[in-house]
Amino acid sequence: EAQVTQNPRYLITVTGKKLTVTCSQNMNHEYMSWYRQDPGLGLRQIYYSMNVEVTDKGDVPEGYKVSRKEKRNFPLILESPSPNQTSLYFCASSLWGAPYNEQFFGPGTRLTVL
Amino acid sequence: GIQVEQSPPDLILQEGANSTLRCNFSDSVNNLQWFHQNPWGQLINLFYIPSGTKQNGRLSATTVATERYSLLYISSSQTTDSGVYFCAVGGETSGSRLTFGEGTQLTVNP
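Residues numbered from 1 in each chain as written. Chains lettered and ligands numbered in written order. Predicted model: local features only at pLDDT ≥ 70, side-chain atom pairs only at ≥ 80, totals over all residues. Heavy atoms only, no water.

As a further point, take the side chain of glutamine 6 of chain A. Locating glutamine 6 of chain A in the fold gives a position in strand 1 (residues 4-7). Glutamine 6 of chain A has contacts with Thr22, Trp34, Tyr89, Phe90, Cys91, Gly106, Pro107, Gly108 and Thr109 of chain A, leaving out every residue within four places of it along the chain. (Helix = DSSP H or I, 4+ residues; strand = E, 2+ residues; numbered from the N terminus. Contact = heavy atoms within 4.5 Å.)

When you line up the elements, glutamine 45 of chain A lands in strand 5 (residues 42-51). A polar side-chain atom of glutamine 45 of chain A sits 2.9 Å from a polar atom in the side chain of tyrosine 31 of chain A. Looking at glutamine 45 of chain A, its side chain comes within polar contact range of the side chain of arginine 97 of chain B, at 3.1 Å. In this structure glutamine 45 of chain A touches Tyr31, Ser33, Trp34, Tyr35, Gly58, Asp59 and Val60 of chain A together with Arg97 of chain B, once residues within four positions along its chain are discounted. (Polar contact = N/O pair within 3.5 Å; in protein donor to acceptor, adjacent residues only side chain to side chain.)

Our focus in this paragraph is the sheet that holds strand 8 (residues 76-78) of chain A. The 4 strands are arranged 1-3-8-7 (chain A) in an open sheet whose pairing can be described as antiparallel. Looking at the sheet topology across the chains shown, the edges are occupied by strand 1 and strand 7 (65-66) of chain A. (Pairing = 2+ DSSP bridges.)

Right, let's get into the nonpolar core. The nonpolar side chains of a soluble globular protein tend to be buried with one another. Ranked by internal contacts, the top residues of the largest apolar core, which has 22 residues, are Trp34, Leu72 and Val89 of chain B. Elements represented by at least two residues in this core include exactly strand 2 (10-14), strand 3 (19-25), strand 4 (29-37), strand 5 (43-48), strand 7 (59-64), strand 8 (69-74), strand 9 (83-91) and strand 11 (104-109) of chain B. Formed by 19 residues, the second largest nonpolar core is a distinct cluster that contains Leu19, Val60, Phe74 and Val113 of chain A. (Core = buried A, V, L, I, M, F, W, Y, C linked by side-chain atoms within 4.5 Å. Buried < 20%, exposed > 50% of the residue type's maximum accessible area, 1.4 Å probe, protein only.)

Proximity of charged atoms lets side chains of opposite charge pair with each other. Considering all chains together, one arrives at 6 salt bridges over all chains under this definition. Of the charged contacts in the structure, one is a salt bridge between aspartate 38 of chain A and arginine 36 of chain A, with a shortest N-O distance of 2.8 Å. Overall, aspartate 38 of chain A belongs to the buried group, its relative accessible area being 8%. In this structure, the salt-bridge partner of aspartate 81 of chain B is arginine 58 of chain B, at a minimum N-O distance of 2.9 Å. Of this pair, aspartate 81 of chain B sits in the loop between strand 8 and strand 9 while arginine 58 of chain B sits in the loop between strand 6 (52-56) and strand 7, and the two are 23 residues apart along the sequence. Each of Lys18, Lys65 and Glu79 of chain A takes part in a single network of salt bridges with overlapping partners. (Salt bridge = Lys/Arg side-chain N within 4 Å of Asp/Glu carboxyl O.)

All names here are of chain B. The class of aspartate 81 is buried, set by a relative accessible area of 6%. Along the chain, aspartate 81 and valine 108 lie 27 residues apart, while their C-alpha atoms are 6.8 Å from each other. Once residues within four sequence positions are removed from consideration, aspartate 81 is found in contact with His36, Arg58, Ile74, Leu106 and Val108. A polar atom in the side chain of aspartate 81 sits 2.9 Å from the side chain of arginine 58. One polar contact links the side chain of aspartate 81 to the main-chain amide nitrogen of glutamine 78, over a distance of 2.8 Å.

Bringing the packing of aromatic side chains into the picture now. Residue and element names in this part refer to chain A. Applying the stated criterion to the full structure yields 9 aromatic pairs over all chains. Plain terms: the ring middles of phenylalanine 90 and phenylalanine 105 are 6.3 Å apart, the flat faces sit at 75° to each other, and that makes the pair edge-to-face. Here phenylalanine 105 lies in strand 10 (residues 104-105) and phenylalanine 90 lies in strand 9 (residues 87-94), a separation of 15 residues in the sequence. Since its relative accessible area comes to 0%, phenylalanine 90 is described here as buried. (Phe/Tyr/Trp six-rings, centres within 6.5 Å; stacked < 30°, edge-to-face > 60°.)

Residues and elements named next belong to chain B. Taken in spatial order, the 5 strands of this open sheet run 1-3-8-7-6, and their pairing is antiparallel. Looking at the sheet topology across the chains shown, the edges are occupied by strand 1 (4-7) and strand 6. Strand after strand, the sheet turns through a mean of 15° between neighbouring axes, direction not considered. Where strand 6 meets strand 7, 5 bridges bridge the pair, whose relative direction is antiparallel. Counterpart to glycine 52 in the pairing with strand 7 is threonine 63. (Axes fitted to C-alpha atoms, helices over the stretch in contact; angles between N-to-C directions.)

What follows is about the interface of chain A and chain B. Between chain A and chain B, the contact holds 25 residues from the first and 17 residues from the second. Seen at the junction of chain A and chain B, the total is 1 salt bridge. In this structure, the salt-bridge partner of arginine 97 of chain B is aspartate 59 of chain A, at a minimum N-O distance of 2.7 Å. On the surface where chain A and chain B come into contact, there are 9 residue pairs in polar contact (both at pLDDT 80 or more). The set of elements that each furnish at least two residues to the side of chain A that touches chain B consists of strand 4 (31-38), strand 5, strand 9 and strand 10 of chain A. The class makeup of the residues in the side of chain A that touches chain B is 13 nonpolar, 7 polar and 5 charged. (Nonpolar A, V, L, I, M, F, W, Y, C, P; charged D, E, K, R; others polar.)

Just distances and angles here, no functional claims.
See below:
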């Protein structure tokens, strides 16, 4: 089944404790992206990657890191999480370029930073 | 960047009713998607529709790219249709980045 998977789905952690949220897709997509969703602010892009070893900042990259060492994986790293990073996170992937650029989203990771 | 406006922000229906959700956008797009966010927070792809008309069961969508709007039609609504409906667009100059609207909160009562 074609899908985007994220792990963990739920995480409660404390300020400053490094964490990684994994994202994997099995559709051979070049493009991958991370979004966060917050009440009143909607969904905003954090980072994206157009292919292996190619990453760039989205709208809200502060406090996050990413890497793209393999085409299928795009982990999101919070080196020193803070309470303002409490959010619902989504990973997405697509082929690159219209008309093939429909994005598919993972199930989401609900993160709480205490 | 591209602006996306959805209307109405909230909609309450009785089961069986029909509804139309609207998405206006401010620039040319090469991607437009409609999503349903269910009560568990998952984003479900409904339509990929940068132009034209598509139908899937009780749902259909139309995008008029030249006039910069898209419509999502829900017919014979069911309680399971409840949730938030998002329109997201990708501008022709923004690569594959999607800009989301604020969503329409739909409640379908039995």
